[in-house]
Amino acid sequence: MRRTSARFRLAGAMAMATAIATLGALTTAHGATAPAAAPESVTTLSVGTPTGFGAGTTGGAGGATVTVTNASQFTEAVNRSGALQVRVNGTINLSSMTRVAANKTIIGVGNNGRITGSGLNVRQVSNVIIQNLTFTGSNDDAINIEQSTRIWVDHNTLSNANDGLVDIKRGSDNITVSWNRVTNHDKTMLLGHSDSNGSQDRGKLRVSYHHNWYDGTKQRNPRVRFGNPVHVYNNYYGGVTSYGVASTVEAGVLVEGNYFENVKDPFHLGEGSSPGGTLVARNNHFVNSSTGQTGGSVRSIPYSYSLDTPSNVKSIVMNGAGAGRI
């Protein structure tokens, strides 16, 4: 996925102009905060389109646009029915996990969109984009996705949550997690929450993880149950301290074209009390890292994609992943 700097500058200029206009209308004469802003326009805010299993996710495209600057405005906007594009300008301090309704694009303005205190709960919905945001300090997950489909989590910076950073579970399907930077965290990305949930998860939990920067995280990058195939490609693993990818409990994971640097255990079968799934590794690049554990076969990837040269993945991902890089 490639994005032009001209497009980003245009989007940034439009976002800033609207943000300034919106901020002028948010405060009453007595200093109280006004309700969420009225719709501003009908444009498509998300930058680029998802590849992989999340292809076809459009979020709030075609709906109105609002800019939010505080938690009450944010919560009201992301819970509205119908297509809506929500621009986050400033730090949103959430006290609990906040439900996101279907057909939403939630996107940070420039490098100013931040979510702290708690996280987003994408539950029993479809067609959601979460893009260009910085998540830190959640009292639960940063992003929890369950019983949901067509989700794209892209170009975010995530760290230091109480639980997972991007956890996907309970029969969720057709999801892409791309161009995110994750750091300062233990249990990073869980795919499938329980060994006993096969009746709901078999045939689902198909996720593409690509061009993410696992920056000194510990484990679950990702840890996979049941999903087959799960596609982990063109990610940069730098200094991961426990393990990179674990395939467990009927999962089938293709680990392809990644760059592993200073990673003692890039990938393996089984984890904790969970039995091993299957894992195929090909065309990965290793620097001061072991070569990992593989076994079994994985279902074929059902979509077309372009694979970056593995030895170039470190520089590509470091230059492009995270909030403020679209």
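See above for the structure.
If you're wondering where the values come from, they're calculated on a predicted model, not measured in any experiment.

*Asks:* Tell me about the pairing of strand β6 (residues 126–131), residues and numbers included.
*Replies:* Burial runs high along β6: five of the six residues are buried. When strand β4 (residues 104–116) meets β6, the two strands line up parallel, connected through four bridges. Considered in β6, the bridge of Lys104 is made with Val128. The pairing of β6 with strand β9 (residues 149–154) spans five bridges and is parallel. Across the sheet, Ile129 pairs through a bridge with Trp152, a residue of β9.

*Asks:* Provide a residue-level description of the pattern of salt bridges, including the pertinent values.
*Replies:* Under the defined criterion, the tally for this structure stands at nine salt bridges. Here Arg80 makes a salt bridge to Glu76, at a shortest N to O gap of 2.9 Å. Across the pair Glu256 and Arg282 runs a salt bridge whose closest N-O atoms are separated by 3.0 Å. In this pair, Glu256 sits in strand β21 (residues 252–256) while Arg282 sits in strand β24 (residues 278–282), placing the two residues 26 residues apart along the sequence. You can call Arg282 partly exposed: its relative accessible area is 38%.

*Asks:* Which residues make up unusual backbone geometry, and what values go with them?
*Replies:* With an omega of 0°, the peptide bond between Asn221 and Pro222 qualifies as cis. Structurally, Pro222 is set in the loop between β16 (213–215) and β17 (223–225). Cis geometry is adopted by the peptide bond preceding Pro229, which originates at Asn228 and carries an omega value of 5°. Residue placement: Pro229 occurs in the loop between β17 and β18 (230–233). At Arg170, a residue that is not glycine, the phi angle is positive and equals roughly 50°. Tracing the backbone shows Arg170 in the loop between β11 (166–169) and β12 (173–178). The exposure class assigned to Arg170 is partly exposed, which follows from its relative accessible area of 32%. One non-glycine residue, Leu205, lies in the positive phi region at around 55°. Considering the arrangement of structural elements, one finds Leu205 in the loop between α3 (198–201) and β15 (207–210).

*Asks:* Describe the side chain of Ser159, and please don't skip the residues or the numbers.
*Replies:* As for its position among the elements, Ser159 is in strand β10 (residues 157–159). Side-chain polar atoms of Ser159 contact the side chain of Thr136, separated by 3.5 Å. Those residues within four positions of Ser159 in sequence are excluded, and the remaining contacts are Phe135, Thr136, Gly137, Leu165, Thr183 and Asn184.

*Asks:* So, helix α4 (residues 313–320): which residues are in play, and what are the values?
*Replies:* Residue pairs three or four apart in sequence face the same way in an α-helix, which turns once every 3.6 residues. Within α4, burial applies to Val313, Val317 and Gly320. Buried residues in α4, looked at end-on, bunch into an arc of 80°, giving them a common side. Buried residues in α4 make contact with β16, β19 (236–238) and β22 (259–261). Residue Gly322 follows α4 closely and has a positive phi angle near 105°.

About the thresholds
Residues numbered from 1 in each chain as written. Predicted model: local features only at pLDDT ≥ 70, side-chain atom pairs only at ≥ 80, totals over all residues. Heavy atoms only, no water. Buried < 20%, exposed > 50% of the residue type's maximum accessible area, 1.4 Å probe, protein only. Helix = DSSP H or I, 4+ residues; strand = E, 2+ residues; numbered from the N terminus. Pairing = 2+ DSSP bridges. Salt bridge = Lys/Arg side-chain N within 4 Å of Asp/Glu carboxyl O. Polar contact = N/O pair within 3.5 Å; in protein donor to acceptor, adjacent residues only side chain to side chain. Contact = heavy atoms within 4.5 Å. Arc of directions from axis to C-beta.

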